[in-house]
Amino acid sequence: MTDYILRDYTNQDFDQVSKLWEETGLGSAKRGDNAQIIAHSIQLGGKLIVLENTANKEIFGSSWITFDGRRLHLHHIGVKPKYQNQGFGKLLTKESLKFAKEKGYQIKLEVHQSNKKAIDMYKSLGFRFLGDYDVYIVRDIA
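Thresholds applied
- Residues numbered from 1 in each chain as written.
- Predicted model: local features only at pLDDT ≥ 70, side-chain atom pairs only at ≥ 80, totals over all residues.
- Heavy atoms only, no water.
- Helix = DSSP H or I, 4+ residues; strand = E, 2+ residues; numbered from the N terminus.
- Rg over C-alpha atoms; globule rule 2.2 N^0.38 Å.
- Buried < 20%, exposed > 50% of the residue type's maximum accessible area, 1.4 Å probe, protein only.
- Contact = heavy atoms within 4.5 Å.
- Expected span 1.5 Å × (residues − 1).
- Arc of directions from axis to C-beta.
- Salt bridge = Lys/Arg side-chain N within 4 Å of Asp/Glu carboxyl O.
- Core = buried A, V, L, I, M, F, W, Y, C linked by side-chain atoms within 4.5 Å.
- Pairing = 2+ DSSP bridges.

Undergrad: Any details on the overall build of the protein chain? Residues and values, ideally.
TA: For the protein chain, the helix and strand inventory stands at 4 helices and 5 strands. Listed by position from the N terminus, the elements making up the protein chain come as β-α-α-β-β-β-α-β-α. Its C-alpha radius of gyration of 15 Å places the protein chain within 12% of the 14 Å reference for a compact globule of 142 residues. Considered along the principal axes of its C-alpha atoms, the protein chain spans approximately 45 × 35 × 30 Å. The buried share of the protein chain, taken over its 142 residues, is 40%. Counting contacts in the protein chain only where the partners sit at least 6 residues apart, residues at least 24 apart contribute 60% of the total.

So, in structure tokens, the structure goes:
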């Protein structure tokens, strides 16, 4: 098993976190995932947790929690492929739930319906399907 630390994101982590998100299909600059947005979301009461390999300082996992003033939202829980299936996704999710409990707010997430492994893991940690909602977004408001 990899020696790792679980820690809070710092501004110096952005390049590695950005590469992680692109590698895992979680985010990109096109989706509005940039250093300024991350910093702003943390300032508003959110948190970005990273997993770092202590041997080579590689960031190989993340969990980004944002706050909308009413509830927390869990984004970009991901682990690089070579580190997957070792419990790191569950570790990140548990740490995110711990943060939500400390803050005293509900936590919500979106997961693709085809991602059965993630859905099973989330359910095992107490997440429940919210209902028959479709999710829509406008990225570039004209």
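Undergrad: Which residues make up helix α3 (residues 88–103), and what are the values?
TA: With 16 residues, α3 should cover 22 Å at 1.5 Å per step; its first-to-last C-alpha distance of 23 Å lies within 8% of that length. Taken residue by residue, α3 has F88, L92, T93, S96, F99 and A100 as its buried positions. Buried residues in α3, looked at end-on, bunch into an arc of 140°, giving them a common side. With respect to the buried face of α3, the exposed residues turned more than 90 degrees away are K101 and E102. Those residues of α3 that are buried are in contact with β1 (4–8), β2 (47–53), β3 (59–67), β4 (72–79), β5 (107–109) and α4 (116–124). Residue G104 follows α3 closely and has a positive phi angle near 80°.

Undergrad: If you had to explain the pattern of salt bridges to someone new, which residues and values would you point to?
TA: Applying the stated rule across the entire model yields 6 salt bridges. Across the salt bridge formed by R7 and D13, the nearest N and O atoms sit 2.7 Å from each other. For D13, a relative accessible area of 6% puts it in the buried group. Between K47 and D8 there is a salt bridge whose closest N-O contact spans 3.2 Å. In this pair, K47 sits in strand β2 while D8 sits in strand β1, placing the two residues 39 residues apart along the sequence. On the basis of relative accessible area, K47 is assigned to the buried category, the value being 18%.

Undergrad: How would you summarise the nonpolar core if you had to cite specific residues and measurements?
TA: Generally speaking, nonpolar side chains in soluble globular proteins are found buried as a group. If you look at the biggest cluster of nonpolar residues, it comprises 20 residues, and the most contacted ones within it are I65, L72, L74, I107 and Y122. Contributing elements (two or more residues each) for this core: β2, β3, β4, α3, β5 and α4. Apart from residues lying up to four places away in sequence, Y122 is in contact with I77, T93, L109, V111 and F127. In this structure, V17, W21, L48 and W64 belong to the second largest nonpolar core, which totals 11 residues.

Undergrad: If you had to explain the pairing of β2 to someone new, which residues and values would you point to?
TA: Within β2, 7 of the 7 residues are buried, leaving the element largely enclosed by the surrounding structure. Residue alternation in β2 divides its side chains into two sets, K47, I49, L51 and N53 and L48, V50 and E52, and both sets are buried. Looking at chain direction, β1 and β2 are connected through 5 bridges and run antiparallel. Each bridged residue has a counterpart across the sheet, and for R7 the counterpart in β2 is V50. Pairing geometry for β2 and β3, over 6 bridges, is antiparallel. Paired with I49 across the two strands is S63, which belongs to β3.

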